[in-house]
Amino acid sequence: VQVVESGGGLVQAGGSLRLSCATSGRTFSDYAMGWFRQAPGKEREFVAAISGRGDTTTYAHSVKGRFTISRANAKNTVLLQMNSLKPDDTAVYYCAADRFAVGSNQAAYDYWGQGTQVTVSS
């Protein structure tokens, strides 16, 4: 499975961005998809995840109510809508695919993209 993120950029605090993740190579709906992020000098952390059918989602506490994960299986795409962005959201955002279950455990994800930079200015 190939995973490619896009949509990152520079935005002011309070603004919005939408990240997109495109996949290819296997049946997309077989995979739960997750978003993770890594800020400078910090460990990579979980952001959000969605089940293969899109009926289950989970979020990190720090983004709940501001970020929304969704997927379009017909387009092999998963989206992360980010609203009310804060400087603390600045990070490289990674998309990943998990063959078995939706969750926040990075070790369970089998395929990863290269990441897209999100910078939120104050």
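Calculation rules
- Residues numbered from 1 in each chain as written.
- Predicted model: local features only at pLDDT ≥ 70, side-chain atom pairs only at ≥ 80, totals over all residues.
- Heavy atoms only, no water.
- Helix = DSSP H or I, 4+ residues; strand = E, 2+ residues; numbered from the N terminus.
- Buried < 20%, exposed > 50% of the residue type's maximum accessible area, 1.4 Å probe, protein only.
- Polar contact = N/O pair within 3.5 Å; in protein donor to acceptor, adjacent residues only side chain to side chain.
- Contact = heavy atoms within 4.5 Å.
- Pairing = 2+ DSSP bridges.
- Axes fitted to C-alpha atoms, helices over the stretch in contact; angles between N-to-C directions.
- Salt bridge = Lys/Arg side-chain N within 4 Å of Asp/Glu carboxyl O.
- Disulfide = S-S within 2.5 Å.

Novice: How do you make sense of the side chain of Arg37 when you look at a structure like this?
Specialist: Tracing the backbone shows Arg37 in strand E4 (residues 32–38). Relative accessible area serves as the criterion here: at 6%, Arg37 is assigned to the buried category. Looking at Arg37, its side chain comes within polar contact range of the side chain of Glu45, at 2.7 Å. A distance of 2.9 Å separates the side chain of Arg37 from the side chain of Asp89, its partner in a polar contact. Residue contacts for Arg37: discarding those within four places in its chain leaves Glu43, Arg44, Glu45, Val47, Ser62, Val63, Phe67, Asp88, Asp89, Ala91, Val92 and Tyr93.

Novice: Quick question: what am I supposed to make of the sheet that holds strand E7 (residues 67–72) here?
Specialist: Consider a sheet: its strands pair through backbone hydrogen bonds, and that pairing is either parallel or antiparallel. Spatial ordering of the open sheet is given by E1-E3-E8-E7, a layout of four strands whose pairing is antiparallel. Every interior strand has two partners, whereas the edge strands, strand E1 (2–6) and E7, have only one. Looking at each pair of strands side by side, their axes are set apart by 15 degrees on average, direction ignored. Bridge count between E1 and strand E3 (residues 17–24): five bridges; the pairing is antiparallel. From the neighbouring strand, Ser6 faces E3, where its bridge partner is Ser20.

Novice: Is there a simple way to think about the pattern of salt bridges in this case?
Specialist: For the coordinates displayed, the defined rule picks out four salt bridges. For Arg37, the salt bridge is made with Asp89, and the minimal N-O distance between the two is 2.9 Å. With Arg37 in strand E4 and Asp89 in the loop between strand E8 (77–82) and strand E9 (91–98), this residue pair connects regions lying 52 residues apart in the sequence. For Asp55, the salt bridge goes to Arg53, with nearest N and O atoms at 3.1 Å. Members of the salt-bridge network, linked through shared partners, are Arg37, Glu45, Arg66 and Asp89.

Novice: Explain the state of the cysteines to me, please; I cannot follow it from the model alone.
Specialist: Such a bond, covalent and formed between the sulfur atoms of two cysteines, is termed a disulfide. In this structure the tally under the stated criterion is one disulfide. Two residues, Cys21 and Cys95, share a disulfide whose sulfurs are 2.1 Å apart. Between Cys21 and Cys95 the sulfur-sulfur dihedral comes to about -85 degrees; the bridge is accordingly left-handed. Placement of Cys21 in strand E3 and of Cys95 in strand E9 is noted, with a sequence separation of 74 residues between them. One exposure class covers both Cys21 and Cys95, and it is buried.

Novice: What exactly am I supposed to notice about the pairing of E4 here?
Specialist: Within E4, six of the seven residues are buried, which leaves it mostly tucked inside the rest of the structure. As paired elements, E4 and E9 share seven bridges and run antiparallel to each other. Residue Ala32 lies in a different strand from E9, and its bridge partner there is Asp98. Of the pairings in the sheet, the one linking E4 to strand E5 (residues 45–50) comprises five bridges and is antiparallel in character. Bridged to Met33 within E5 is Ile50. Remark: six residues form the turn of the hairpin made by E4 and E5, two consecutive strands paired antiparallel; Gly41 in that turn has positive phi of roughly 75 degrees.

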